[in-house]
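# Notes for the structure review
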Amino acid sequence: MELIFEIINYSLTAILIGICGAWIFLIKSMVDSFRLTPYLDKFENTSESNPKVSIILPARNEEEFISKCLDSLIDQDYKNYEIIVIDDSSEDNTQKIILEYAEKHSNVIPVIARPKPKGWMGKNWACMEGFRKATGELLLFTDADTKHSRSVISLSVAHLISFNLDALSAIPKMLTFDFWTKITLPMISTFLHSRFSALNVNNPAKKTGYFFGSFFILKKETYENVGMHEGVKHEIIEDGALGKKVKEAGHKMKLVRGDHLIDAVWARDKSTLWNALKRLMIPLYLQSEKIAIGSFFATLFLLFIPFPIFAVSISLPVEAMSTKILCISSAIASSFIYAAAIIEVKLGLHLRLIHALFAPLGSLVVVLGFLSGLLQAKRSESVMWRGRRYSMKDHTQSSISI
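Summarised in this report is the structure supplied together with it. (Residues numbered from 1 in each chain as written. Predicted model: local features only at pLDDT ≥ 70, side-chain atom pairs only at ≥ 80, totals over all residues. Heavy atoms only, no water.)

Time to look at the overall build of the chain. In terms of regular secondary structure, the chain is built from 16 helices and twelve strands. Since a compact globule built from 402 residues should have a radius of gyration of about 21 Å, the 23 Å found for the chain is in line with a globular shape. Taken over the C-alpha atoms alone, the chain extends approximately 80 × 45 × 35 Å along its principal axes. Classification of the 402 residues of the chain by burial places 53% in the buried group. Long-range pairs, those at least 24 residues apart, make up 82% of the contacts in the chain with a sequence separation of at least 6. Put simply, the chain shows about 18100 Å² of open surface, and 59% of that area lies on carbon and sulfur atoms. (Helix = DSSP H or I, 4+ residues; strand = E, 2+ residues; numbered from the N terminus. Rg over C-alpha atoms; globule rule 2.2 N^0.38 Å. Buried < 20%, exposed > 50% of the residue type's maximum accessible area, 1.4 Å probe, protein only. Contact = heavy atoms within 4.5 Å. Areas by Shrake-Rupley, 256 points an atom, 1.4 Å probe, with all protein chains shown as cover.)

In structure tokens, the structure reads:
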């Protein structure tokens, strides 16, 4: 019995050492990302033109946020642009608000989206409906719960032209409103600095391509070349999928920091948070069941497992050397998770330090949300998003056919 106890302790210690190694890499990636990611407004402006920009703004049940978004877009210092606002079958006062703004401002163009065809995600269809009305050389996609600083269009156009880019996306400041989102978002964001970091997106040698849906601008011809939103019509995370297509097609793209210029809402309440977590896992499952399961267990071990191991190890008899080593290694692994949460809270999300101290609870929410999404995808159940229910069976077939 004692031998089995020793084997378990040393096996868990070996796993924890691996977790520590992974966190050393992840924390270094985070620090490099914050230190080296370029800013939207810090560059040598060599642009001498002001091409027309078509802002495409889809909105579904956004009466709480859309006025602030439109006010910020109408107040831009850039002159040559239009705002195409698409009402995506809203059930609140969104359409009424859009029409009121269109009456007062000539550059606000209202579009009432036709019924969503089968196989399309709602937002993707709304973006296509808006694109059909666009007359600009450049297309800027944003969300109705996003607020923009007055110079953001001028800066993005100048940045795009100065660097001869085909596409540009800006990382916004993620706004959070409730306790659960404030403790959960930092734990998810720690991973974004590795695979989806701006350093990878901006490196032509890397295959990584990614857009933040709250703000990305690209040439009209680039958008058409990659198949527009029709090419990602079935994608639940359409912005990431579209960015990937742009990079894979060989277009020059760039990801920059805009968190001091753009505010975006990530999750509005506990229900939205839970659906957002499931929404992150489901596309992975549609791509590959093995990748999805592997990602879940990687998240489980990296974000959460060190905490319960540490809690259990301090309650075990400390005479055994294996127990001491297990306790120390789990404490170090837990400390790395806390360190990553603190870095993200202070440098990335600009939240209070106390939210990082709830890292174990935030990690547990992430793990349970991912597990729920995995099980939902595996059972081919429908997905609820933005008040619509989407059939997993239909999206699985669409994914396979590509």
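Within this structure, the stated rule accounts for 14 aromatic pairs. Judged by centre distance (6.3 Å) and plane angle (20 degrees), the ring pair of Phe65 and Phe177 falls under stacked. Of this pair, Phe65 sits in the loop between strand 1 (53-59) and helix 2 (66-74) while Phe177 sits in the loop between strand 7 (173-176) and helix 6 (179-192), placing them 112 residues apart in sequence. On the basis of relative accessible area, Phe65 is assigned to the buried category, the value being 12%. The class for Phe177 is partly exposed, based on a relative accessible area of 44%. Look at Phe131 and Tyr223: their rings are 5.0 Å apart centre to centre, the planes differ by 65 degrees, and that puts the pair in the edge-to-face class. (Phe/Tyr/Trp six-rings, centres within 6.5 Å; stacked < 30°, edge-to-face > 60°.)

Next up on the list: unusual backbone geometry. Of note, the phi angle at Ser89 is positive, near 55 degrees, even though the residue is not glycine. Locating Ser89 in the fold gives a position in the loop between strand 2 (81-87) and helix 3 (94-104).

As a further point, take the sheet that holds strand 7. Strands sit in the order 5-10-7 across an open sheet of three strands; the sheet is mixed. Two strands in the sheet have a free side with no partner beyond their single neighbour: strand 5 (146-148) and strand 7. Each neighbouring strand pair of the sheet contributes to a mean axis angle of 30 degrees, computed without reference to strand direction. (Pairing = 2+ DSSP bridges. Axes fitted to C-alpha atoms, helices over the stretch in contact; angles between N-to-C directions.)

A separate point is helix 6. Leu185 marks the point of greatest bend in helix 6, at about 25 degrees, and the proline Pro186 comes within the next four residues. Most of helix 6 is tucked away: ten of the 14 residues are buried. Here helix 6 starts with a cap whose side-chain oxygen sits 3.2 Å from the backbone nitrogen of Trp180, and that cap is Asp178. (Bend = angle between axes of the 7 residues up to and from the residue. Polar contact = N/O pair within 3.5 Å; in protein donor to acceptor, adjacent residues only side chain to side chain.)

Another aspect to go through is the sheet that holds strand 8 (residues 215-219). Across the sheet, seven strands lie side by side as 3-2-1-4-8-6-9; this open sheet has mixed pairing. Unpaired on one side and paired on the other, strand 3 (108-112) and strand 9 (253-257) mark the two borders of the sheet. With direction set aside, neighbouring strand axes in the sheet form an average angle of 20 degrees. Sheet topology note: the strand 1/strand 2 ladder contains seven bridges and is parallel.

A word on the environment of Glu44. Tracing the backbone shows Glu44 in the loop between helix 1 (2-36) and strand 1. Along the primary structure Glu44 and Ser11 are separated by 33 residues, whereas in three dimensions their C-alpha atoms are 54 Å apart.

It is worth spelling out the side chain of Asp87 at this point. Along the chain, the position of Asp87 falls in strand 2. Summary of buried charges: Asp87 has no salt-bridge partner, and the nearest side chain of opposite charge, Arg60, is 7.3 Å away. Separated by 2.9 Å, the side chains of Asp87 and Gln95 make a polar contact. Beyond its immediate sequence surroundings of up to four residues, Asp87 is in contact with Ala59, Thr94, Gln95, Ile98, Val111, Ile112 and Ala113. (Lys, Arg positive; Asp, Glu negative; His and termini not counted. Salt bridge = Lys/Arg side-chain N within 4 Å of Asp/Glu carboxyl O.)

Below, the discussion takes up the packing of helix 10 (residues 270-287) against helix 11 (residues 289-304). Relative to each other, helix 10 and helix 11 sit at 140 degrees, their axes nearing to 5 Å. The angle between helix 10 and helix 11 falls in the class oblique. Touching Met281, Leu284, Tyr285 and Gln287 of helix 10 are Glu289, Ile291, Ala292, Ser295 and Phe296, all from helix 11. When its residues are assigned to classes, the contact of helix 10 with helix 11 shows six nonpolar, two polar and one charged. (Parallel < 35°, antiparallel > 145°, perpendicular 65-115°, else oblique. Nonpolar A, V, L, I, M, F, W, Y, C, P; charged D, E, K, R; others polar.)

What follows concerns the nonpolar core. In this structure, Trp23, Phe131, Leu139, Phe141, Leu218 and Tyr223 are the most contacted members of the largest nonpolar core, which totals 79 residues. Ignoring anything within four residues of it in the chain, the contact list for Leu139 reads Ser54, Ile56, Phe131, Ala134, Phe216, Ile217, Leu218, Lys220 and Tyr223. (Core = buried A, V, L, I, M, F, W, Y, C linked by side-chain atoms within 4.5 Å.)

Attention now moves to helix 4 (residues 122-131). Of all ten residues in helix 4, nine are buried; the element is thus mostly enclosed. Taken residue by residue, helix 4 has Gly122, Asn124, Trp125, Ala126, Cys127, Met128, Glu129, Gly130 and Phe131 as its buried positions.

What follows is about the side chain of Thr299. Relative to the assigned elements, Thr299 resides in helix 11. Assessed through its relative accessible area of 8%, Thr299 is described here as buried. For Thr299, the side chain forms a polar contact with the main-chain oxygen of Ser295, separated by 2.8 Å. Setting aside residues no more than four positions away along its own chain, Thr299 makes contact with Phe304, Val366, Val367 and Phe370.

Overall, the coordinates contain 15 salt bridges when judged by the stated rule. Between Glu82 and Lys52 there is a salt bridge whose closest N-O contact spans 3.5 Å. Taken together, the positions of Glu82 in strand 2 and Lys52 in the loop between helix 1 and strand 1 put the pair 30 residues apart, joining distant regions of the chain. A single network of salt bridges, built from pairs that share partners, joins Lys123, Asp143, Glu238 and Arg279.

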